[in-house]
Amino acid sequence: AQTVTQSQPEMSVQEAETVTLSCTYDTSESDYYLFWYKQPPSRQMILVIRQEAYKQQNATENRFSVNFQKAAKSFSLKISDSQLGDAAMYFCAYRVPYNNNDMRFGAGTRLTVKP
Amino acid sequence: GAGVSQSPSNKVTEKGKDVELRCDPISGHTALYWYRQSLGQGLEFLIYFQGNSAPDKSGLPSDRFSAERTGGSVSTLTIQRTQQEDSAVYLCASSQRVARSTDTQYFGPGTRLTVL
């Protein structure tokens, strides 16, 4: 079974600073996808960034980037120049392509941004 | 609209009553997913639809839970004889399921269910 672990229930960052959220996963698959979703108080799950496991290059989306370490099964999210609007729950998720439902989520990390 | 929509946004019901939650996926998305998010928890998979069929119902927590999807579009999640432990946010997501894609799931805003 695939599991996703987020070891940081809560994190805090000063506005304009950088923060890294951790995620590890357990799988025997070689081909899969990884995602970070943001869930603000509005409850809307918003896709932040995604990474294909077959790509060695780390994905980047503006201020958001990942550090994907396939051998270590680690997929951390770095938020640069943190903004107040970044405050939310962040969920790491894993998916095997073409499986029916094999989308596994971590328990989430609550990020607080201090002005 | 361009995104996944869900209704109602909030639902308060009494224990023992039946409830129906609706999900309207993104137009053209063939796959539809239901998740449950209990307070302070991550997402728990409930059921997946490909078109109108549900090849995987393994996540449904009990036989009080059922779901259907008609016309390959709108889906309804029904909870019969609700219990207090059913209180949660129910999230719906849809995806394109095209060949060799990341098959990213896009989520609706959820329905917060409170069972008194």
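Just so you know, these numbers come straight off a predicted model, no measurement behind them.

S.K.: Give a description of the overall build of chain B that names residues and reports values.
M.R.: Helix and strand counts for chain B stand at zero helices and 11 strands. Counting from the amino terminus, helix and strand elements in chain B follow one another as β-β-β-β-β-β-β-β-β-β-β. Expected size for 116 residues packed as a compact globule is a radius of gyration near 13 Å; at 14 Å, chain B falls within 12% of this value. Each of the three principal axes of chain B carries a C-alpha extent, and together these read 45 × 25 × 25 Å. Of all 116 residues assigned to chain B, the portion counted as buried reaches 49%.

S.K.: A description of the interface of chain A and chain B should follow, citing residues and the corresponding values.
M.R.: Counting from both sides, the interface comprises 24 residues of chain A and, opposite them, 30 residues of chain B. Our count for the chain A to chain B interface comes out at zero salt bridges. On inspection of chain A and its partner chain B, the count reaches eight residue pairs in polar contact (both at pLDDT 80 or more). Counting only elements with at least two residues in the side of chain A that touches chain B, the list comes to strand S5 (33-39), strand S6 (46-52), strand S10 (88-95) and strand S11 (103-105) of chain A. It is S5(A) that provides the largest number of residues to the side of chain A that touches chain B, a total of four residues. Of the residues that constitute the side of chain A that touches chain B, the class distribution is 12 nonpolar, seven polar and five charged.

S.K.: Before we move on, could you go through the environment of Leu91(B) and cite the residues and values that matter?
M.R.: Residue and element names in this part refer to chain B. Mapped onto the secondary structure, Leu91 falls in strand S9 (residues 88-95). Residue classification places Leu91 among the buried residues on the basis of a relative accessible area of 0%. Through-space distance from the C-alpha of Leu91 to that of Gln80 is 18 Å; in sequence the pair is 11 residues apart.

S.K.: Let's hear about the state of the cysteines: which residues, and what values?
M.R.: Residues and elements named next belong to chain A. This model, assessed by the stated rule, comprises two disulfides over all chains. With its sulfur 2.0 Å from that of its partner, Cys23 forms a disulfide with Cys92. The sign of the S-S torsion, about -70°, decides the handedness of the disulfide formed by Cys23 and Cys92: left-handed. Of this pair, Cys23 sits in the loop between strand S3 (19-21) and strand S4 (24-26) while Cys92 sits in strand S10, and the two are 69 residues apart along the sequence.

The rules behind each value
Residues numbered from 1 in each chain as written. Chains lettered and ligands numbered in written order. Predicted model: local features only at pLDDT ≥ 70, side-chain atom pairs only at ≥ 80, totals over all residues. Heavy atoms only, no water. Helix = DSSP H or I, 4+ residues; strand = E, 2+ residues; numbered from the N terminus. Rg over C-alpha atoms; globule rule 2.2 N^0.38 Å. Buried < 20%, exposed > 50% of the residue type's maximum accessible area, 1.4 Å probe, protein only. Contact = heavy atoms within 4.5 Å. Salt bridge = Lys/Arg side-chain N within 4 Å of Asp/Glu carboxyl O. Polar contact = N/O pair within 3.5 Å; in protein donor to acceptor, adjacent residues only side chain to side chain. Nonpolar A, V, L, I, M, F, W, Y, C, P; charged D, E, K, R; others polar. Disulfide = S-S within 2.5 Å.

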